[in-house]
Amino acid sequence: MKPENRDIYELLIIAGSFLLLVPFLHTHRITDFMIFCIFVLSFDLLYGYMGRLSFGHLLYLGAGAYGAGLSLRHLTANPLLAILLGIAAACLLAMLAGLIVVRATGACFALINLAFNQTGWFLVMSPLRGITNGQDGFGIGAMRLGFFNFGSATFRFWFVLITLLLVFFLLKRVTSSPYGVLVRSIKEDETRVRFLGYNTYLYKWLTFVFSASVAGLSGALTALNYAYVNPNTMDVHKNVGAVFACLIGGAGRLYGALIGGVVYMLISNFLPLYVLRWEMFLGLALLIIVFRFRRGIWGSFEVWLSRAAASARLRAQSGKGAPVK
Amino acid sequence: MIYTLMYGLTIGAILYFIAIGLSLTFGTMRVTNFAHTITYTIGVYLLLTFVTQWKVHYFWAAIFAVLAVIPIGYLIERFIIRRLYGESLDYTFIATFAVSLIGVDVVKWIWGVQPKALGDPIRRYIELLGFTFPVYRLLIVGIAILLFFALQLFVRRTMVGKIIIAALEDREKVRCLGIKLDKYFSLVFVLGSALAALGGVLYAPITSVHPYMGTSILLLCFAVVIVGGMANLKGTFFAAFALGMVVAITARYWPPGAETMVFIVMAIVLIFRPIDV
């Protein structure tokens with residue numbers, strides 16, 4: 001395998017794994033999974049890479065969903081433009097909110113985001129009811145532009161799959177760039193990065209806005225996928241899903257985010273059918289992750305892989321060094 | 001307007017009861033306790049069971065409910081919080097959130113999801129300067145003020161209180177004096193949990209009782225702690241009443257915005273005074 005082709009192989013593997021799910025589940029459901037994976041990727045950038053846990057990231061998903069939905073309803077009939085407008089809505093909101101939130105760290109960061117999310121949810125529910133139709137939400141019609149027919153489930157599946165691959169590729173490039181290294185160093189020790197002369201607030205703000213824009217993209221896709229928007233898209237209590245997905249997959253790894261997203265969606269879609277007390281199960285699983293399984297699935301896999309490689313190397317060396325009779 | 005002020009004082013008192021535990025837990029153990037209001041919810045449901053099913057008098061039921069959550073608080077501290085000392089804030093946050101998920105689910109399991117209501121247990125009114133006040137609300141505010149002075153006395157005059165205040169300032173130095181802090185930490189945690197349950201028990205008759213009641217008030221209490229300053233007992237007291245007033249006054253002029261206004265105030269405070277945790 002040539003190194004320059006590696007990206008393409010990786011993307012093909014991801015696409016192949018999602019296609020493998022198709023025979024087992026409905027296409028519609030897998031589209032849902034992939035949209036959630038995009039959201040988890042955006043959350044992972046913020047939490048896994050920059051080390052800032054947010055309990056209000058769904059606000060930006062909601063902003064994207066409402067941005068896309070409202071612009072399809074009132075401004076344009078072009079679904080692609082609507083997606084862009086949804087991303088722009090989330091991006092603008094994050095630019096404003098980011099000015100306040102990046103000043104906080106740790107628990108304060110999580111709580112302020114949570115407060116903003118709650119405020120956003122409330123704004124949609126009550127004062128802006130005239131526009132957003134409050135709790136009932138609104139439906140979106142006419143989502144077709146030539147080849148881009150969002151009315152068809154098959155087209156949505158392929159569109160979302162390609163978007164997911166693009167987002168993954170973009171995030172992979174960003175996180176392995178010098179900027180990505182800087183973001184990871186902010187996670188390790190922000191004070192030292194500041195000593196090196198970097199304006200960490202700027203970088204944190206940029207990352208926050210970037211992450212929120214990706215979340216906005218997943219929101220816009222959610223709106224198009226369901227052809228329907230309601231305040232549940234930004235329900236504060238659902239933030240725990242992203243945290244769980246990120247942790248079980250392995251925080252700070254893009255593959256971890258993908259695996260975690262799929263695992264969480266499988267659990268939340270199918271577990272309630274069999275287990276009534278699934279919130280309790282989620283709580284117990286989170287406790288186990290925090291106390292025993294911090295690396296997550298992908299992290300453990302990487303450790304296992306490197307151990308296997310090390311022992312293979314050791315065997316090869318001892319084989320070479322063995323005396324010849 | 002007087003009634004609005006009265007309502008604000010009541011809310012402020014309740015917020016104070018709950019926020020004090022949060023503030024102390026944070027200050028001493030550096031643990032942001034998302035599971036704090038689980039004892040609040042459980043206390044309320046125990047009270048409900050005692051009053052409606054076992055026909056215990058409200059006063060005794062309240063005392064039993066507060067006492068009954070003490071072992072629950074201890075168990076949470078012993079098996080979850082104690083393992084989180086020195087961990088990064090994210091993990092403490094997630095672990096305590098998991099505890100609150102489990103707790104809410106247990107409450108749903110035992111008592112069901114239907115909202116319930118309790119009546120005002122005193123049902124007396126007092127005439128003062130031409131206004132009628134329900135005695136019960138005056139009582140809540142009275143208990144909050146009494147608690148404030150009792151806590152001040154506790155941390156100034158008793159050895160245990162002094163150790164706790166010293167630990168708020170600098171844990172390492174207290175440890176260097178040869179004091180085993182773990183014991184005091186569990187004491188603080190249990191005290192905070194019991195006070196949260198007390199707040200719940202007092203608030204239950206004037207609000208609706210449902211499994212998620214803890215989560216909704218927890219956000220307000222975090223706002224109180226952030227505005228008042230983490231681990232600042234006096235700050236928590238004044239912030240609780242100030243934000244209680246914000247809730248009451250907003251509720252009078254713009255009812256749906258009452259809780260959101262608290263977060264706006266919190267955001268404004270954070271713009272002028274960022275908190276590094």
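Please refer to the structure higher up on the page.
Reference entry: report on the structure contained in this document. Since the model is a prediction, treat every value here as computed from it, not as a measurement. (Residues numbered from 1 in each chain as written. Chains lettered and ligands numbered in written order. Predicted model: local features only at pLDDT ≥ 70, side-chain atom pairs only at ≥ 80, totals over all residues. Heavy atoms only, no water.)

1. Side note on the overall build of chain A
Argument step 1. The helix and strand inventory of chain A stands at 14 helices and 4 strands.
Argument step 2. For 325 residues, the compact-globule formula gives about 20 Å, and the C-alpha radius of gyration of chain A, at 21 Å, lands near that figure.
Argument step 3. Seen through its C-alpha atoms, chain A measures out along the principal axes to roughly 85 × 50 × 45 Å.
Argument step 4. The buried share among the 325 residues of chain A stands at 54%.
Argument step 5. Considering only intrachain contacts with a sequence separation of at least 6, the fraction spanning at least 24 residues in chain A is 78%. (Helix = DSSP H or I, 4+ residues; strand = E, 2+ residues; numbered from the N terminus. Rg over C-alpha atoms; globule rule 2.2 N^0.38 Å. Buried < 20%, exposed > 50% of the residue type's maximum accessible area, 1.4 Å probe, protein only. Contact = heavy atoms within 4.5 Å.)

2. Topic: the environment of leucine 58 of chain A
Residue and element names in this part refer to chain A.
Argument step 1. When you line up the elements, leucine 58 lands in helix α3 (residues 58-75).
Argument step 2. Judged by relative accessible area, which is 7%, leucine 58 ranks as buried.
Argument step 3. Considering only alpha carbons, one finds leucine 58 and alanine 212, 154 residues apart in sequence, at a separation of 9.0 Å.
Argument step 4. For leucine 58, the residues in contact, after removing those within four places along its chain, are Phe39, Asn117, Thr233, Met234, Asp235, Lys238 and Asn239.

3. A short note on empty space enclosed by the protein
All names here are of chain B.
Argument step 1. On inspection of all chains with the given rule, the structure shows 5 cavities of 30 Å³ or more.
Argument step 2. Within this model, the largest cavity holds a volume of roughly 70 Å³.
Argument step 3. Taken together, the residues of the lining of the largest cavity sort by class into 4 nonpolar, 5 polar and no charged.
Argument step 4. Considering only enclosed or pocket space, the second largest cavity measures out at about 50 Å³ in volume.
Argument step 5. Every residue lining the second largest cavity is listed: Leu24, Leu151, Phe154, Val155, Ile164, Ile165, Val188, Leu191 and Leu233.
Argument step 6. Elements supplying a minimum of two residues to the lining of the second largest cavity: α5 (135-157), α6 (159-169) and α8 (181-203).
Argument step 7. At 3 residues, α5 tops the list of elements feeding residues into the lining of the second largest cavity.
Argument step 8. Among the residues forming the lining of the second largest cavity, the class breakdown is 9 nonpolar, no polar and no charged. (1 Å grid on protein atoms, 1.4 Å probe; cavity = no way out; pocket = protein on both sides within 12 Å on 5 of 7 lines; lining within 4 Å. Points joined across faces, edges and corners; volume = space filled by probe spheres on them. Nonpolar A, V, L, I, M, F, W, Y, C, P; charged D, E, K, R; others polar.)

4. Things to note about the layout of surface pockets
Argument step 1. Approximately 1,000 Å³ is the volume attributed to the largest pocket.
Argument step 2. As for the largest pocket, its lining consists of 32 residues, and the residues nearest its centre are Leu58, Asn232, Asp235, Lys238 and Tyr264 of chain A.
Argument step 3. Listing elements by their share of the lining of the largest pocket, those giving two or more residues are α2 (27-49), α3, α10 (200-226), β4 (228-229), α11 (239-249), α12 (254-274) and α13 (278-292) of chain A together with α4 (89-111) of chain B.
Argument step 4. Partitioned by chemical class, the residues of the lining of the largest pocket number 18 nonpolar, 10 polar and 4 charged.

5. Section: the environment of glycine 139 of chain A
Residues and elements named next belong to chain A.
Argument step 1. Here glycine 139 shows up in strand β1 (residues 138-139).
Argument step 2. Look at glycine 139 and you get partly exposed, because its relative accessible area is 35%.
Argument step 3. Between the C-alpha atoms of glycine 139 and asparagine 230, which are 91 residues apart in sequence, the distance is 8.8 Å.
Argument step 4. Ignoring sequence-local partners within four residues, the contact set of glycine 139 consists of Arg73, Ala227 and Tyr228.

6. Some thoughts on the interface of chain B and chain A
Argument step 1. Every contact between the two is made by 39 residues of chain B and, on the other side, 38 residues of chain A.
Argument step 2. Interface area for chain B against chain A, summed over the two sides, is near 3,700 Å², with a carbon-plus-sulfur share of 74%.
Argument step 3. Of all residues in chain B, the largest losses of buried area upon contact with chain A belong to Tyr91, Ile94 and Asp105 of chain B, amounting jointly to 16% of the total for that side.
Argument step 4. Applying the counting criterion to the chain B and chain A interface returns 0 salt bridges.
Argument step 5. Where chain B packs against chain A, one counts 1 residue pair in polar contact (both at pLDDT 80 or more).
Argument step 6. Ranked by residues supplied to the side of chain B that touches chain A, first place goes to α4 of chain B with 15 residues. (Buried area = accessible area lost by both parts, 1.4 Å probe. Salt bridge = Lys/Arg side-chain N within 4 Å of Asp/Glu carboxyl O. Polar contact = N/O pair within 3.5 Å; in protein donor to acceptor, adjacent residues only side chain to side chain.)

7. What to know about the packing of helix α3 (residues 58-79) of chain B against α8 of chain B
Residues and elements named next belong to chain B.
Argument step 1. Where α3 meets α8, the closest approach of the two axes is 8 Å, and the angle between their N-to-C directions is 145°. The two elements α3 and α8 meet at a crossing, and its hand is right-handed. Counting all contacts with α3, which are made through Tyr58, Ala62, Ala65, Val66, Val69, Ile70, Gly73, Tyr74, Ile76 and Glu77, the residues of α8 involved are Phe185, Ser186, Phe189, Val190, Ser193, Ala194, Ala197, Leu198, Val201 and Leu202.
Argument step 2. When the residues that make up the contact of α3 with α8 are grouped by side-chain class, the tally is 16 nonpolar, 3 polar and 1 charged. (Axes fitted to C-alpha atoms, helices over the stretch in contact; angles between N-to-C directions. Left-handed = near helix turned anticlockwise from the far one by under 90°.)

8. Here we look at the environment of alanine 223 of chain A
Residue and element names in this part refer to chain A.
Argument step 1. Mapped onto the fold, alanine 223 is located in helix α10.
Argument step 2. Judged by relative accessible area, alanine 223 falls into the buried class, the value being 2%.
Argument step 3. Expressed as a C-alpha distance, the spacing of alanine 223 and phenylalanine 138, which sit 85 residues apart in the sequence, is 10 Å.
Argument step 4. For alanine 223, the contacting residues outside a window of four places in its chain are Ala65, Ile140, Tyr228 and Val229.

9. Some points on the pattern of salt bridges
Residue and element names in this part refer to chain A.
Argument step 1. In this structure the tally under the stated criterion is 9 salt bridges over all chains.
Argument step 2. Glutamate 190 serves as the salt-bridge partner of arginine 194, at 3.0 Å between the closest nitrogen and oxygen. Pair noted here: arginine 194 and glutamate 190 are both in helix α9 (residues 190-195), with a separation of 4 residues, about one helical turn.
Argument step 3. Arginine 194 gets classed as partly exposed once you look at its relative accessible area, which sits at 40%.
Argument step 4. The buried category is assigned to glutamate 190, whose relative accessible area is 11%.

10. Quick look at the packing of aromatic side chains
Argument step 1. Tallied over the full model, the rule gives 31 aromatic pairs over all chains.
Argument step 2. Ring centres 6.5 Å apart and planes at 40° place the aromatic pair phenylalanine 36 of chain A and phenylalanine 39 of chain A in the tilted group. Taken together, the residues phenylalanine 36 of chain A and phenylalanine 39 of chain A, both in helix α2 and 3 residues apart, mark about one turn of the helix.
Argument step 3. Since its relative accessible area comes to 3%, phenylalanine 39 of chain A is described here as buried.
Argument step 4. Taking 6.0 Å as the distance between ring centres and 65° as the angle between the ring planes, the aromatic pair formed by tyrosine 66 of chain A and phenylalanine 138 of chain A counts as edge-to-face. Taken as a pair, tyrosine 66 of chain A in helix α3 and phenylalanine 138 of chain A in strand β1 lie far apart in primary sequence, 72 residues in all.
Argument step 5. Linked through ring pairs, Tyr16, Phe148, Phe149, Phe237, Phe238 and Phe241 of chain B together constitute an aromatic cluster.
Argument step 6. Lying over the aromatic face of phenylalanine 79 of chain B, arginine 78 of chain B brings its terminal NZ or CZ to 5.6 Å of the ring centre. (Phe/Tyr/Trp six-rings, centres within 6.5 Å; stacked < 30°, edge-to-face > 60°. Lys NZ or Arg CZ within 6 Å of the ring centre and 35° of its normal.)

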